[in-house]
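A closer look at the structure
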Amino acid sequence: MLINFVLCEDKQIILNNIRTSLEKAIKQNGINAGISLTTDNPKRVIEYSRQYAQGINAYFLDINLETNMNGLELAKQIRSYDPHCYITFITGHPELCMTVFKYHIEAFEYLIKPVSYQALEECVISIDKHYHRYLNHQKHNKDTMIIIRSGNRDYNIELQSIIYVESINQKL
């Protein structure tokens, strides 16, 4: 399955540099991925996360967006729609990295501006490796787990932990 990268940065020059480096890292490392959205508008990212939460998404977000929403607030909203996504913060303010814990975002990585190609490439490779470990884990546990979808969230439940199942008002 394709990893979809979403970039949100308010400075166009930085956004273009990250996009170019990301495209290069994906291609040079043979990663099954693409860039699905590049924007300076947090609302477009939220809409994307609502619409495509079922995919494998990796968000690269500037923390200090010069809009009505900062990157931390944006990440919190993304996480509510896309709970299994990868969130990487790109910031010129490393002191803000600890603030992420206050928001309960579970960030995958922090990249400090100016972002080097090597740092971005290492992050992309880490996301790809983490995703493949997840797939292998799912493959080995497919007979011991069940996935329940409720609204726009998926829940992985171990079969051995299920004691009783009841369905109310369901028509077949």
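Located above this text is the structure these notes cover.
Note that the structure is predicted; figures quoted are calculated from it, not measured.

With that settled, the discussion passes to the side chain of R79. Locating R79 in the fold gives a position in helix α3 (residues 71–81). Buried within the structure, R79 lacks any salt-bridge partner; E106 is the closest side chain of opposite charge, at an N-O distance of 5.1 Å. From its side chain, R79 meets the backbone oxygen of P83 in a polar contact 3.0 Å long.

With an omega of -5 degrees, the peptide bond between K113 and P114 qualifies as cis. Relative to the elements of secondary structure, P114 occurs in the loop between β5 (109–112) and α5 (117–141). For H104, which is not a glycine, the phi torsion comes out positive at approximately 55 degrees. Its place among the elements puts H104 in the loop between α4 (100–103) and β5. The exposure class assigned to H104 is exposed, which follows from its relative accessible area of 64%. Notably, E106 is not glycine yet its phi reads approximately 60 degrees, a positive angle. Examined against the element boundaries, E106 turns out to sit in the loop between α4 and β5. By relative accessible area, which is 65% here, E106 ends up exposed.

Thresholds applied
Residues numbered from 1 in each chain as written. Predicted model: local features only at pLDDT ≥ 70, side-chain atom pairs only at ≥ 80, totals over all residues. Heavy atoms only, no water. Helix = DSSP H or I, 4+ residues; strand = E, 2+ residues; numbered from the N terminus. Buried < 20%, exposed > 50% of the residue type's maximum accessible area, 1.4 Å probe, protein only. Lys, Arg positive; Asp, Glu negative; His and termini not counted. Salt bridge = Lys/Arg side-chain N within 4 Å of Asp/Glu carboxyl O. Polar contact = N/O pair within 3.5 Å; in protein donor to acceptor, adjacent residues only side chain to side chain.

Interpretation in functional terms is not warranted from these geometric data alone.
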